[in-house]
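An overview of the molecular structure
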Amino acid sequence: MLDNSKEPATLSATVESLVRIADRHTAIERPVCHTGTKDSFRSQIDVSLEDPTGASPEELESALSDFLRLNPDVGRLGFHKQLYSGVNLPAVLGEWVATLSNSVMHTFKVGPVSNLMEAEVVNQLSRLVGFENGEGLMVSGASQANLVSMMLARHALFPDLKETGYAGRELVAFVSDQAHYSMARAANVIGIGTRNLVAVRSDADGRMMPDALRHAIEAAIKDGKIPFYIGLTAGTTVLGAFDPVPKAVALAREFGLWVHVDGAWGAPVLFSQSHADLLSGCDEADSFTWDAHKLLNVPLTAGIILTRQKGWLHAATSGGGENYLFHKEAKQEQPEPELGELSIQSARRADCVKVWSAWKAVGRDGFAQKVDHLMEQKAHFLAYLNDQPDFDIIAPAPYLNVLFQYRPQHNSIAEPDVSKLNVAICERLAETGEAFIDYASFSGRTGIRMILAHSDISELYLNDLCDRIRQVGDALEIEQQKSLL
Ligand SMILES: *Cc1c(COP(=O)(O)O)cnc(C)c1O
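Rules of the game
Residues numbered from 1 in each chain as written. Predicted model: local features only at pLDDT ≥ 70, side-chain atom pairs only at ≥ 80, totals over all residues. Heavy atoms only, no water. Salt bridge = Lys/Arg side-chain N within 4 Å of Asp/Glu carboxyl O. Helix = DSSP H or I, 4+ residues; strand = E, 2+ residues; numbered from the N terminus. Buried < 20%, exposed > 50% of the residue type's maximum accessible area, 1.4 Å probe, protein only. Expected span 1.5 Å × (residues − 1). Contact = heavy atoms within 4.5 Å. Pairing = 2+ DSSP bridges. Right-handed = clockwise from strand over helix to strand, strands pointing away. Core = buried A, V, L, I, M, F, W, Y, C linked by side-chain atoms within 4.5 Å.

**Quick look at the pattern of salt bridges**
- By the definition in use, this model includes 27 salt bridges.
- Where Arg 69 meets Asp 66, a salt bridge forms, and the shortest distance between an N and an O atom there is 3.1 Å. Pair noted here: Arg 69 and Asp 66 are both in helix α3 (residues 57-70), with a separation of three residues, about one helical turn.
- On the basis of relative accessibility, which here comes to 30%, the residue Arg 69 falls in the partly exposed class.
- Salt bridges linked by common partners bring Glu 95, Arg 349, Asp 351 and Lys 354 together as one network.

Set out below in structure tokens:
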């Protein structure tokens, strides 16, 4: 018996409903996004749950179609707002199957196949990073992976801290001033305090400066604090910059610190023969973050934490659950700890199934081709922008982010107004539903942050986009001048 007699009575009726929703979703020409206030969305879709009697299957199907219609279309070529774009259909299929299985990851017995799939995903990613005796786990996203990496680092230095707490010890972590904000959240959650997360200066390319890192470490020691963690970023969110791994590793060895690489966005360069050198030396790091839901385009969420050695995750996280979940008898059959003893989550979805499915269908070579294709398009794009006197690249673009400004030549406008104009261009393109692109700032200038993540990006597409940016920018300027008259 189903929980609700009004639901479609069979799985196949549910799948048929899904097929109709999907057909409607792909059939119509739609804007890439809708903009508006909460009230304007509320007026277009009824999200109320006030009706106590429940809806018919047809009503539910129609509401879910509206949901797809009104939310941004992340699968479309015009979607550049986040660090992912497009749809990996094999991954979507895997995700649906994982949902059907409702498999949980914490013990082998309740998720035998998903446990094996996760081990294989972790094994393949570890090999790319160069962790030969490594281990890993899927987590809720890169934010959690970064959090866990700080726990690992803390445990490596003070194995007693897990039980005793800080007991007056003041630990300090170091990241660059371009690091993802999840590092600050991690410092908050593990309780060192966000002031003990030092934002080390980055250079004009957005890379952490090794000399500044050394000074920051020495200053912390002088203050009586205990440095324990260096968090490097491989592919920063604004510039796509890669922090210098070998230099940071050398400093870490000198001072006895942990080195973590946050590769949420940039790690996929490791698939590519031509671009893996952006991460050379990363096999010397202690832990590594991936996000398969970024460039690999697996449905949200698919974060992974990898460690250079086996046993570190268990040591830092395990404890509890032995009386009912992690049975001793089971352990005797399998000497390895259960995945649930390596994780800060209890119930954990089988996110590995969608990653595994994407990998099974695309293959390592397919991922490499995607990286190579997009890096090639990026190079064309940079060359094109450099050729146009009215476009200006704000900082070097080593990866798939390009931060640039439209600067009309016919009119000399001051920097703050150029920044404002570029923000307005992004907003106007979203309002018309042509393209959903974000803006970002670096060294006091705000520009359009183009993200090249969709596999179908081509030279023609990028040139057309620039034409539209120019047209929209000029139209906005004319509107502005009229409003001043
Ligand atoms: C996206 C991103 C994160 C956060 O990842 P979530 O999966 O959203 O938690 C962390 N670091 C970097 C560099 C990122 O690009």
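**Describing helix α5 (residues 112-129)**
- In this model α5 runs 26 Å from its N-terminal to its C-terminal C-alpha over 18 residues, within 8% of the 26 Å that 1.5 Å per residue would give.
- Inspection of α5 places Ser 114, Asn 115, Met 117, Glu 118, Val 121, Val 122, Gln 124, Leu 125, Ser 126, Leu 128 and Val 129 among the buried residues, and these make up the whole buried set.
- For α5, the secondary structure elements touched by its buried residues are β1 (135-139), β6 (287-291), β7 (303-307) and α13 (352-387).
- Once α5 finishes, Gly 130 follows within two positions and takes phi at roughly 100 degrees, a positive value.

**Some details on the pairing of strand β11 (residues 445-451)**
- Of all the seven residues making up β11, six are buried; the element is thus mostly covered by neighbouring parts of the structure.
- Across four bridges, strand β9 (residues 401-406) lies against β11 in antiparallel orientation. Within β11, the position partnered with Val 402 by the bridge is Met 450.
- By the bridge criterion, five bridges tie strand β10 (residues 438-442) to β11 in an arrangement that is antiparallel. Across the sheet, residue Ala 440 finds its bridge partner in β11, namely Gly 447.
- The antiparallel pairing of β10 with β11 creates a hairpin that spans two residues between the two strands, and Ser 443 there sits at a positive phi of about 35 degrees.

**What to know about the pairing of strand β3 (residues 197-200)**
- Pairing between strand β2 (residues 171-176) and β3: four bridges, direction parallel. By the bridge assignment, Ala 173 is partnered in β3 with Leu 197.
- One crossover worth recording links β2 to the parallel β3 by way of helix α8 (residues 182-190), and it is right-handed.

**Let's talk about the nonpolar core**
- Leu 279, Phe 288, Trp 290, Phe 404 and Met 450 are the most contacted members of the largest nonpolar core, which has 121 residues in total.
- The leading source of residues in this core is α13, at 14 residues.
- Those residues in contact with Leu 279 that sit more than four places away from it in its chain are Ala 234, Phe 242, Val 245, Val 261, Gly 266, Ala 267, Val 269, Leu 270 and Phe 288.
- Among the nonpolar cores identified, the runner-up in size contains eight residues, and Val 238, Ala 395, Leu 403 and Phe 442 belong to it.

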